[in-house]
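Summary of structural features
One-letter residues, chain by chain:
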Protein chains: 2
Amino acid sequence: MTSEILEEIKKTIVQRLPERVQVAKVEFEGPEVVIYTKNPKIITENGDLIRNLAKDLRKRIIIRSDKSVLLDPDKTIDRIHEIVPDEAQITNISFDEVTCEVVIEAKKPGLVIGKFGVTSREVVKNTGWAPKILRTPPITSEIIEKVRNTLKHNSKERKKILQNLGTRIHQGVKYENDWARLTSMGGFKEVGRSCMLLQTPNSRVLLDCGVNVAGNDDKTSYPYLNVPEFSISELDAVVISHAHLDHCGFLPYLYHYGYEGPVYCTTPTRDLMTLLQLDHIDIAHREGNPLPFNIKHVQKSIKHTITLDYGEVTDIAPDIRLTLHNAGHIIGSAMCHMHIGDGQHNIVYTGDFKNERSRLLERATTKFPRMETLVMESTYGGHEDVQPSRNEAEKEMMRTIYTTLKRGGKVLIPVFAVGRAQELMIVLEEYMRHGMIKEVPIYIDGMIWEATAIHTARPEYLSKDLRDQIFHVGRNPFISDAFHKVKNVSKRKDIVEGEPSIILSTSGMLTGGNSVEYFKWLSEDPKSTLIFVGYQSEGSLGRRIQKGWKEIPLNEEGKTKLYNVKMQIKTIEGFSGHSNRNQLMDYVKRLSVKPEKIITCHGDPYKTVDLASSIHRSYKIETKTPLNLEVTRIQ
Amino acid sequence: MTSEILEEIKKTIVQRLPERVQVAKVEFEGPEVVIYTKNPKIITENGDLIRNLAKDLRKRIIIRSDKSVLLDPDKTIDRIHEIVPDEAQITNISFDEVTCEVVIEAKKPGLVIGKFGVTSREVVKNTGWAPKILRTPPITSEIIEKVRNTLKHNSKERKKILQNLGTRIHQGVKYENDWARLTSMGGFKEVGRSCMLLQTPNSRVLLDCGVNVAGNDDKTSYPYLNVPEFSISELDAVVISHAHLDHCGFLPYLYHYGYEGPVYCTTPTRDLMTLLQLDHIDIAHREGNPLPFNIKHVQKSIKHTITLDYGEVTDIAPDIRLTLHNAGHIIGSAMCHMHIGDGQHNIVYTGDFKNERSRLLERATTKFPRMETLVMESTYGGHEDVQPSRNEAEKEMMRTIYTTLKRGGKVLIPVFAVGRAQELMIVLEEYMRHGMIKEVPIYIDGMIWEATAIHTARPEYLSKDLRDQIFHVGRNPFISDAFHKVKNVSKRKDIVEGEPSIILSTSGMLTGGNSVEYFKWLSEDPKSTLIFVGYQSEGSLGRRIQKGWKEIPLNEEGKTKLYNVKMQIKTIEGFSGHSNRNQLMDYVKRLSVKPEKIITCHGDPYKTVDLASSIHRSYKIETKTPLNLEVTRIQ
């Protein structure tokens, strides 16, 4: 695709840069402009030249060596090993000849970068190759390998995608930006299938594209993609707030449906959503209810994903700039700040968020440069939704575990694989290390292990305390000896028949998965305890047990067997990744700028409305509680 | 266009009807199915055969003679003159060979029809031609001639349009009708450019398509046709509530823009809107601000218009049935009742309406078989909008005229050409006939005369009292000798310099037109009176005079001349075609079915909200006050 805009930018660049830069070519790479130079030394020079150019052009600019001046790959590998200290523990070096980057995977990527980037600059100077440095997670992650391989093996296609995208983003606005509006496509006055369409006269951006896993049919499970204003061919971008399926589970369908555009999210979100999407396809297939898309579409989505760090300002459409901020809900979860036009409007979509610091994550950000509209979740928006603090919840948890282990029982905690599981792991490791509970094996079963591996690949996204432990003290709690991966099914019997232990297992609501198997074994043991830490939805097995059912009929090798519940049942609230009612109200109060309008979503109808009217009463801010299929004007 | 549906319907018809019907062909004609028979006698037989067929097929069925059995036109004319009594005063007979109809225009169309249709049936029996009987208005109307000629000369094209439309309407629904919504495209929280888009999974219907004549530029004058959910090629139908430009002024643009579908409205609306649209084009052209469409597009709109009588139920989309009901605002003004799907939802759009009987029109209907959503105007929705009753207003008017004429002055009433002018004419004629005011000439200047002519063509749409006068007493007040048409500009000087008189002239707000010229002549005459009967918008000359300005600078042959206002200035409220606040509230109360949701539109923001919240408080009905560009879910 030729692009007049690109030609124009190239002309300006060549004019503005001194001749010694020897510009070979200029290309779009998604939102960025890449200059290829025949003089690699220029790259490691004082960066002011490029910085000023970027400021003037109002574009993000990257400079790389032209193919013609790159060192031979074999020699490059040798040079890298000479330059980078052994302690960096390089595990792999590969080359992307399309982008002229060398991908260096290392256990300690910080040492590959060096202080103020000195080591990586040395690599460029000596080889011409631009180093792309990735962390080798201390726990091997199949998903991360899958994602990295997909990107490696489709480098050419990805370049094409990014070039086309760049042309689209930089084409300039066609119409005056005199309005902006938001279509509720899913997750309004309900929880599940979160999806909304931001529209301006110039562009259309989809925020989240989830499924309702509790839905009965297509009509209740998927977002309303059939609203007349939604057109796949006119969609500029998709932004995913976080990896839970109710926010990203329907994303692959967009690619099945013909979408060719980008997805923006953080790196942990990309990796975790790949994990969850593949698992979802797998489960649906096994249950004989295949989804309307398959693995190929997950792969296509990976190829179209552009990851952003928190705080990185990026053009995603001719008139929209996106910045992601920490939401404190799960690793990589983001609040999406969109700046529309030339200062016309600013909208923040919170996604799911936690307005409280946890062991795993920092508290959701409240600082935004500007914000006229806030779209916020209201999962616990009812005035009765006041849960105990995290601190109280932890104490309760410890008391329960302490008592159970003391009497020789086992602790079974059914838990959702992403987020809550890791939060509990950190808590358990900490308390065990400090001797507050007995040192027993903590068994990690199911997808939790893989999700944890992904956490270990991105410590930058974890709480400051955890980062300090990992980077400065050199202790990564996730790889503590206390944790044992349950490698195969046969191990389970040994676990339940063995010594006291703690078992973390999916699914969190006992709606299937391994937690049900453990329950079968342990249900009749009065010394053991089942601890619920998450929401048990109506109709789930978890809910029935929680309610106190004493006889549970379950399928056992094709026959129905009755299980007598003799084990202790305990519910501990306060571990939620969502803000409770007080935290939601407090969040609005603590915002650095007061929005003009707040739209509440992601909650039961009553809670959505209750939160909105309380906000209106307390803070005199206009609130809206749209239904799915409604459109709210924000500007 | 071939149509499987049509083939199927034809098959059923041939199977169901006895052989003697001799079906030659079956065609769609818009929402209707037309059967052409080679045995015209069947047409005049007992209609049960066709009625039952229509009921079973759930389609409207018409039966006409096949071309092959039609009598020669010349002979037909002779036969018609033999059959129809001379008192019918036939003025013209023409033939539509495409639809096999003979168009008979007569001063007394009732006599062409005959008692229970006996005379017109005789025409069919004797000639084969299906008579289409039109009233020759007692006052000649250029517009009606123009419209009738357009239809006559484009009969073939129109047939094609109607055939295509039929295929579209009868294609059946593709998707489950599980939602319906309404996009506010203009006239929400404002007055002017009324326009909204009704959407279901199967169809899209535009309700009104107006302009804001007081708008400053395209952005404020025209509806938001650029909303993403609006697509001209996917539009099924346009419904026009009434002929005022703020409800139909932008309709021709749709045809300029590529629309090929139908417009539904009453016959008076079609004729009056043609008048006003052409006048609008003309004025805009003269003012050097040409509109984005021209006469050709008005003509195209005429060719695509399907007129409906009040109460006539018509399929306008695969899943939408439209019925128009009297709105009491101006002649032909309609409330639009739409039945969606198979009983899924019923929505009524009031358009502008008067919940009070006037001399000209019956009070707006309140009887609907079902209604879940009501979209109502709120022009006078503020709680302070309480005007005197029509009766009080009339008395005040008479007192003022009486006094003015007595002292030898002239009465100038600037008035909007359509609606209020005719209302006043009826009042003045009545009072003069009863000797309550002096018998002086009533001069009718500008477009009022033509608008009145159109009123005389459709007495069926007038109030019962008027109809009784016209049909039974044989006295049509519009053709009273009291009224004098001002035929040319030179006559005006004679009028202002002559004996006492009453002058009705446009524009109603003295924003141009002849009323300004009369004002110039009369302004310095303390014996004369200027009576305002309508709303004077901020910034208009009318408003300034109303406020009491004593020196008015006006353009006189290129120079600015100062006019001293010495004439009496009087404002008489209560002649509005809109319901006042009490009438609006009372309307909701009197509805035969209580709607679940009421959406208020067509009013200043404050009035729209004030009315909505009063309705909510008083009647416990959910209300909504959307902005333009917002979408409200109705089902």
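Chain A has the name Transcription termination factor FttA in an unreviewed UniProt entry, where Methanobrevibacter filiformis is given as its organism. The heading Sequence similarities (unreviewed entry) in the UniProt record of chain A holds the text "Belongs to the metallo-beta-lactamase superfamily. RNA-metabolizing metallo-beta-lactamase-like family. FttA subfamily." Its UniProt record gives chain A the following Subunit (unreviewed entry) comment, quoted word for word: "Homodimer. Interacts with RNA polymerase (RNAP), interacts with the Spt4-Spt5 complex."

**Quick notes on the UniProt feature "binding site: Zn(2+) 1" (unreviewed entry) in chain A**
Residues and elements named next belong to chain A. The feature "binding site: Zn(2+) 1" (unreviewed entry), as annotated in UniProt, sits at His242, His244, His329 and Asp352 in this numbering. With the annotated positions falling across 111 residues, the maximum pairwise C-alpha distance of 10.2 Å places them together in a single cluster. For His244, the position within the fold is in the loop between β10 (237–239) and α10 (245–248). His244 gets classed as buried once you look at its relative accessible area, which sits at 10%. Setting aside anything within four residues of it in sequence, one finds His244 in contact with Leu276, His329, Ile330, Phe416 and Val418. Turning to its location among the elements, Asp352 is positioned in the loop between β16 (345–349) and β17 (373–377). Sequence-distant contacts of Asp352, defined by excluding residues within four places in its chain, comprise His242, Asp246, His247, Ala327, His329, Glu377, His578 and His602.

**Concerning the sheet that holds strand β13 (residues 314–317) of chain B**
Residues and elements named next belong to chain B. Overall, mixed pairing links the seven strands, which are arranged β13-β14-β15-β16-β17-β26-β27 in an open sheet. This sheet does not close on itself; its edge strands, each paired only once, are β13 and β27 (622–624). Within the sheet, the average angular offset between the axes of one strand and its neighbour, ignoring direction, is 25 degrees. One ladder, built from five bridges, connects strand β15 (residues 334–340) with strand β16 (residues 345–349); its direction is antiparallel.

**Considerations on helix α19 (residues 514–522) of chain A**
In terms of residue burial, α19(A) counts as a mostly covered element, since seven of its nine residues are buried. Of the residues making up α19(A), those classed as buried are A:Asn514, A:Ser515, A:Val516, A:Tyr518, A:Phe519, A:Lys520 and A:Leu522.

**Things to note about the environment of B:Val418**
All names here are of chain B. As for its placement among the helices and strands, Val418 is situated in the loop between β18 (411–414) and α15 (420–433). On the basis of relative accessibility, which here comes to 1%, the residue Val418 falls in the buried class. As for Val418 and Arg357, which are separated by 61 residues in sequence, their C-alpha atoms are 17 Å apart. Contact partners of Val418, with chain neighbours within four places excluded, come to His244, Leu272, Leu276, Ile330 and Ala451.

**Here we look at unusual backbone geometry**
The omega angle of the peptide bond from A:Thr506 to A:Ser507 is -5 degrees, so this bond is cis rather than trans. Despite not being glycine, B:Arg193 has its phi angle at roughly 45 degrees, a positive value. Positionally, B:Arg193 belongs in the loop between β7 (181–186) and β8 (195–199). Even without being a glycine, B:Asp208 presents a positive backbone phi close to 65 degrees. Turning to its location among the elements, B:Asp208 is positioned in strand β9 (residues 204–209). Look at B:Asp208 and you get buried, because its relative accessible area is 0%.

**Some thoughts on the interface of chain A and chain B**
At the interface, 21 residues of chain A touch 21 residues of chain B. Summing the contributions of chain A and of chain B, the shared interface buries around 1,900 Å²; its carbon and sulfur component is 49%. Interface area lost by chain A to chain B is led by A:Pro228, A:Leu629 and A:Arg633, which between them contribute 31%. Counting every contact that joins chain A to chain B gives eight salt bridges. Run the count over chain A and chain B and you get eleven residue pairs in polar contact (both at pLDDT 80 or more). Elements with a minimum of two residues in the side of chain A that touches chain B: β7 (181–186) and β28 (631–633) of chain A. Sort the elements by how many residues they give to the side of chain A that touches chain B and β28(A) lands first, with three residues. Split into classes, the residues belonging to the side of chain A that touches chain B amount to seven nonpolar, five polar and nine charged.

**Section: the UniProt feature "domain: Beta-Casp" (unreviewed entry) in chain A**
In the numbering adopted here, UniProt assigns the feature "domain: Beta-Casp" (unreviewed entry) to residues 421–545 of chain A. Helix makes up 43% of residues 421–545 of chain A and strand 11%, whereas the separation of the span's terminal C-alpha atoms amounts to 20 Å.

**A word on the relation of the copies chain A and chain B**
With an RMSD of 0.1 Å, the operation that places chain A on chain B is a rotation of 180 degrees combined with a shift of 0.0 Å along the axis. The superposition of one copy onto the other is thereby described by a two-fold rotation axis. Looking at the interface residues of chain A, 100% of them are also at the interface in chain B, so both copies use one shared face.

**Observations concerning the domain arrangement of chain A**
Once the domains are mapped, chain A shows domain 1 (2–68), domain 2 (70–136), domain 3 (172–384 + 578–633) and domain 4 (390–571). Its C-alpha centre places domain 1 of chain A at a distance of 53 Å from the equivalent point of domain 4 of chain A.

**Digging into the pairing of strand β5 (residues 101–106) of chain A**
Residue and element names in this part refer to chain A. Counting buried positions over the six residues of β5 gives six, a clear majority of the element. Alternating positions in β5 separate into two faces, Glu101, Val103 and Glu105 on one and Val102, Ile104 and Ala106 on the other, with burial throughout. Hairpin connection between strand β4 (residues 90–96) and β5: a loop of four residues separates the two successive antiparallel strands, and Cys100 in this loop has a positive phi of roughly 60 degrees. Note: β5 against strand β6 (residues 130–135), six bridges, orientation parallel. Within the sheet, the bridge partner assigned to Val102 lies in β6 and is Pro131.

**Focus on the pairing of strand β2 (residues 32–37) of chain B**
All names here are of chain B. Burial within β2 is extensive, with six of its six residues counted as buried. The two faces of β2 match: Glu32, Val34 and Tyr36 on one face and Val33, Ile35 and Thr37 on the other face are all buried. Pairing geometry for strand β1 (residues 23–29) and β2, over six bridges, is antiparallel. Paired with Phe28 across the bridge in β2 is Val33. The antiparallel hairpin formed by β1 and β2 contains two residues in its connecting segment, where Gly30 sits at a positive phi of about 60 degrees. The sheet contact formed by β2 and strand β3 (residues 60–65) spans six bridges and is parallel. Counterpart to Glu32 in the pairing with β3 is Arg60.

**Brief notes about the side chain of A:Gln536**
All names here are of chain A. The residue Gln536 is located in the loop between β22 (529–532) and α20 (541–547) in this model. Assessed through its relative accessible area of 2%, Gln536 is described here as buried. A polar side-chain atom of Gln536 sits 3.2 Å from the main-chain carbonyl oxygen of Gly508. Those residues in contact with Gln536 that sit more than four places away from it in its chain are Gly508, Met509, Gly542, Arg543 and Gln546.

**A few points about the packing of aromatic side chains**
This model, assessed by the stated rule, comprises 16 aromatic pairs over all chains. Considering the side-chain rings of A:Tyr222 and A:Phe250, the 4.2 Å spacing of their centres and the 15 degrees angle between planes classify their relative orientation as stacked. Of this pair, A:Tyr222 sits in the loop between α9 (218–221) and β10 while A:Phe250 sits in the loop between α10 and α11 (251–256); the two residues are 28 residues apart in sequence, bridging distant segments of the chain. For the pair A:Tyr222 and A:Phe250, a shared accessibility class is recorded, and that class is buried. Ring centres 4.5 Å apart and planes at 15 degrees place the aromatic pair A:Phe250 and A:Tyr253 in the stacked group. Across the pair, A:Tyr253 and A:Phe250 agree in class, each one buried. Put simply, the rings of A:Tyr222, A:Phe250, A:Tyr253, A:Tyr257 and A:Phe293 touch in pairs and so form one group of aromatic residues. Seen from the ring of B:Trp549, B:Arg544 lies directly overhead, with NZ or CZ sitting 5.4 Å from the centre.

**Some words on the sheet that holds strand β20 (residues 483–485) of chain A**
Residue and element names in this part refer to chain A. Taken in spatial order, the six strands make up an open sheet running β20-β19-β21-β18-β22-β25, and their pairing is parallel. Among the strands making up the open sheet, the edge pair consists of β20 and β25 (568–571). Going from strand to strand, the sheet's axes swing by 20 degrees on average, the running direction of each strand aside. Here β22 runs beside β25; their pairing, made up of four bridges, is parallel. The residue bridging Ile531 from the neighbouring strand is Lys570, located in β25. Across the face of the sheet, helix α15 (residues 420–433) comes into contact with β18 (411–414), β19 (442–444), β20 and β21 (502–505) while running at roughly 165 degrees to β21.

Conventions we followed
- Positions within a chain are numbered from 1, following the residues in the order the chain's sequence is written.
- Chain labels run from A onward and ligand labels from 1 onward, assigned in the order the entries are written.
- Residues qualify for local features only when their pLDDT is at least 70, as the model is predicted, and side-chain atom pairs are given and counted only at 80 or more; totals for whole chains, interfaces and linings, by contrast, use all residues.
- To get the side-chain values, all heavy atoms of the structure are used, and hydrogens and water are removed first.
- UniProt positions are given in the numbering used here, feature names are shortened, and annotations may be inferred rather than shown by experiment.
- Under the DSSP-based scheme used, a helix requires at least four consecutive residues in state H or I and a strand at least two consecutive residues in state E, with every element numbered from the N terminus.
- Burial status follows relative accessibility: with a 1.4 Å probe on protein chains alone, a residue under 20% of its type maximum counts as buried, one over 50% as exposed, and anything between as partly exposed.
- By definition, residues are in contact when any of their heavy atoms lie within 4.5 Å.
- DSSP-based pairing: two strands are paired if at least 2 bridges between them are found.
- Lines are fitted to the C-alpha atoms to define the axes, a helix being fitted only along its stretch in contact, and any angle between axes, read from their N-to-C directions, falls within 0 to 180 degrees.
- Two parts placed together each lose some accessible area under a 1.4 Å probe, and the buried area is that loss summed for both.
- Salt bridges, as used here, are contacts in which a Lys or Arg side-chain nitrogen is within 4 Å of a carboxyl oxygen on Asp or Glu.
- Here a polar contact is recorded for every N or O atom pair within 3.5 Å, except that within protein the pair must consist of a potential hydrogen donor and a potential acceptor, and residues adjacent in sequence are included only if both atoms are side-chain atoms.
- Throughout, the ten residues Ala, Val, Leu, Ile, Met, Phe, Trp, Tyr, Cys and Pro are labelled nonpolar, Asp, Glu, Lys and Arg are labelled charged, and all others, Gly among them, are labelled polar.
- All copies are superposed by least squares; the fitting set is the C-alpha atoms of residues with a pLDDT of at least 70 in both.
- These domain limits were set by an automatic method or by a database of domain assignments.
- Centre distance within 6.5 Å is the pairing criterion for rings of Phe, Tyr and Trp, where only the six-membered ring of Trp is used; planes under 30 degrees apart are then read as stacked, over 60 as edge-to-face, and the remainder as tilted.
- Definition used: whenever NZ (Lys) or CZ (Arg) falls within 6 Å of the ring centre and also within 35 degrees of the ring normal, the charge is taken to sit over that ring.

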